[in-house]
Amino acid sequence: MLDELRAEVLDANLELVRRGLVIYTFGNASGVSWKHGMIVIKPSGVPYERMTPADMVVADLQGNVVEGKLRPSTDLPTHAALYRAFPSIGGVVHTHSRHATAWAQAGREIPCLGTTHADYFHGPVPATEPLTAPEIEGDYEANAGVAIVRRMEGLDPLACPACLIAGHAPFCWGKSVTEAAHNAVIVEELAAMAWITLSINPGCQPISRALRDKHHFRKHGPTATYGQK
Ligand SMILES: [Zn+2]
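Please read all numbers here as calculations on a predicted model, not as lab measurements. (Residues numbered from 1 in each chain as written. Predicted model: local features only at pLDDT ≥ 70, side-chain atom pairs only at ≥ 80, totals over all residues. Heavy atoms only, no water.)

K.L.:
Which residues make up the sheet that holds strand β1 (residues 28-33), and what are the values?
P.N.:
Reading across the sheet, the seven strands line up as β4-β3-β2-β1-β5-β7-β6 and stay open at both edges, with antiparallel pairing between neighbours. The outermost strands of the open sheet, each flanked by one partner alone, are β4 (65-67) and β6 (162-164). Sheet twist, expressed as the average angle between the axes of neighbouring strands with direction ignored, equals 25°. With four bridges connecting them, strand β5 (residues 91-94) and strand β7 (residues 170-174) associate as antiparallel partners. (Pairing = 2+ DSSP bridges. Helix = DSSP H or I, 4+ residues; strand = E, 2+ residues; numbered from the N terminus. Axes fitted to C-alpha atoms, helices over the stretch in contact; angles between N-to-C directions.)

K.L.:
Go over the side chain of S33 with me, naming the residues and quoting the values.
P.N.:
Position of S33 relative to the elements: it lies in strand β1. A relative accessible area of 11% places S33 in the buried class. Setting aside chain neighbours within four positions, we find S33 in contact with L2, L5 and M38. (Buried < 20%, exposed > 50% of the residue type's maximum accessible area, 1.4 Å probe, protein only. Contact = heavy atoms within 4.5 Å.)

K.L.:
If you had to explain the packing of helix α3 (residues 98-106) against helix α7 (residues 177-200) to someone new, which residues and values would you point to?
P.N.:
At a minimum axis distance of 7 Å, the contact between α3 and α7 shows a crossing angle of 65°. Taken together, α3 and α7 sit at an angle that is classed as roughly perpendicular. The crossing of α3 and α7 is left-handed. Counted together, R98, H99, A100 and W103 of α3 and V187, E188, A191, A192, A194, W195 and L198 of α7 form the full contact between these two elements. The class makeup of the residues in the contact of α3 with α7 is eight nonpolar, one polar and two charged. (Parallel < 35°, antiparallel > 145°, perpendicular 65-115°, else oblique. Left-handed = near helix turned anticlockwise from the far one by under 90°. Nonpolar A, V, L, I, M, F, W, Y, C, P; charged D, E, K, R; others polar.)

K.L.:
Give me the packing of aromatic side chains: which residues, what numbers.
P.N.:
In this structure the tally under the stated criterion is two aromatic pairs. Between the aromatic rings of W34 and Y83, the centroid separation amounts to 6.2 Å while the plane-to-plane angle is 80°, which identifies the pairing as edge-to-face. Of the two residues, W34 sits in the loop between β1 and β2 (38-41) while Y83 sits in helix α2 (residues 76-85), which places them 49 residues apart along the sequence. W34 sits in the partly exposed class, given a relative accessible area of 37%. (Phe/Tyr/Trp six-rings, centres within 6.5 Å; stacked < 30°, edge-to-face > 60°.)

K.L.:
Run through the coordination of the zinc ion, naming residues and quoting values.
P.N.:
Around the zinc ion, the protein contributes the donor atoms H94 (NE2), H96 (NE2) and H168 (NE2), at 2.0 to 2.1 Å from the metal centre. The sequence pattern describing where the donors of the zinc ion fall on their chain is H-x1-H-x71-H. Residue H96 is found in the loop between β5 and α3, and its partner H168 is found in the loop between β6 and β7; the two are separated by 72 residues along the sequence. Owing to a relative accessible area of 34%, H96 belongs among the partly exposed residues under this scheme. (Donors = N, O, S within 2.8 Å, 3.2 Å for Na, K, Ca; no water.)

K.L.:
Kindly report on unusual backbone geometry, identifying the contributing residues and their values.
P.N.:
Even without glycine at this site, Y24 takes up a positive phi of about 50°. Mapped onto the secondary structure, Y24 falls in the loop between α1 (3-18) and β1. The exposed category is assigned to Y24, whose relative accessible area is 73%.

K.L.:
Explain the packing of α1 against α7 to me, using residue names and the numbers behind them.
P.N.:
Running from N to C, α1 and α7 cross one another at 10°; their axes reach a closest spacing of 9 Å. Classified by the angle their axes make, α1 and α7 are roughly parallel. Two secondary-structure elements touch here, α1 through E8, V9, A12, E15 and L16 and α7 through V177, T178, A181 and A184. Broken down by class, the residue content of the contact of α1 with α7 amounts to six nonpolar, one polar and two charged.

K.L.:
Explain α2 to me, and be specific about the residues and the numbers.
P.N.:
The element α2 is extensively covered by neighbouring structure, given that seven of its ten residues are classed as buried. The complete set of buried residues in α2 reads L76, T78, H79, A80, A81, L82 and Y83. The elements touched by buried residues of α2 are β1, β2, β3 (57-60), β5, α6 (140-151) and β7.

Any functional reading would require information beyond the geometric quantities listed.
The following block contains the structure:
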C-alpha cells in the first residue's frame, strides 16, 4: 500500500542525513495520504543506511499501525496530532538539528531577523511552553503535539511551517514530506543565522513588517511572483 509515498518518505528521511540534520537514528519524517487517511512514517531505531521503502510503517490518523513489520517511530503520536489539526499539510519532520535544538532548549522563539527567514515564515519560529509533569507522565508524545497545536492557534501552518518544543527540538511540516524536510533544513539554517546575528548585535530587532510582508508574499499566497509559472 502507498508505494509512492513510502519511497518519498524514505527519501525525505535520507535527505535529513545528507544535509547533516540527524546523527545515528535521531529524527523522523512522515507523509500523509489524505485520500487513504493514512500516515507513512519511518520505523523506530533502524539505521538509515539499511532502510528500504518496505520498512516504512503505515498507520491511521489516530496512530494505530495498519501495515508494517517494524515498530513505527516513537514520535508517531506527535505526527498524528499535527495531521489531525492541520489538514493543509502533507508531511512532518522532526530532528534534533544542532542550532534549532539550541533555540528550543533555550525556550526561545527564533525572531524574524532577515529576509531569508521571511521567505519561509511570516513571523518568528514559535516555541511551545514547557510541557507540564502530567503532560510528560501521561501520553507524552501526543501531548507534545497538543502543545504545538496550542501554540499554533491563530497561525496558518503553511505560513509558519515549524514550531520548537521547549526543552526538546523542532517539528517542521509542509505540503509534502519532501517540503517538510526542506523546511527542516531551512529552520536549522535560520536558527544558526539568528544566533550569529544576535552574537554580533545582541540588540538586533526583527525586520520591519513591510520588509517581512514583501518577502513572504513574494513567495506565498495569491500575489506570489517567485519562481516559474
Ligand atoms: Zn525528539
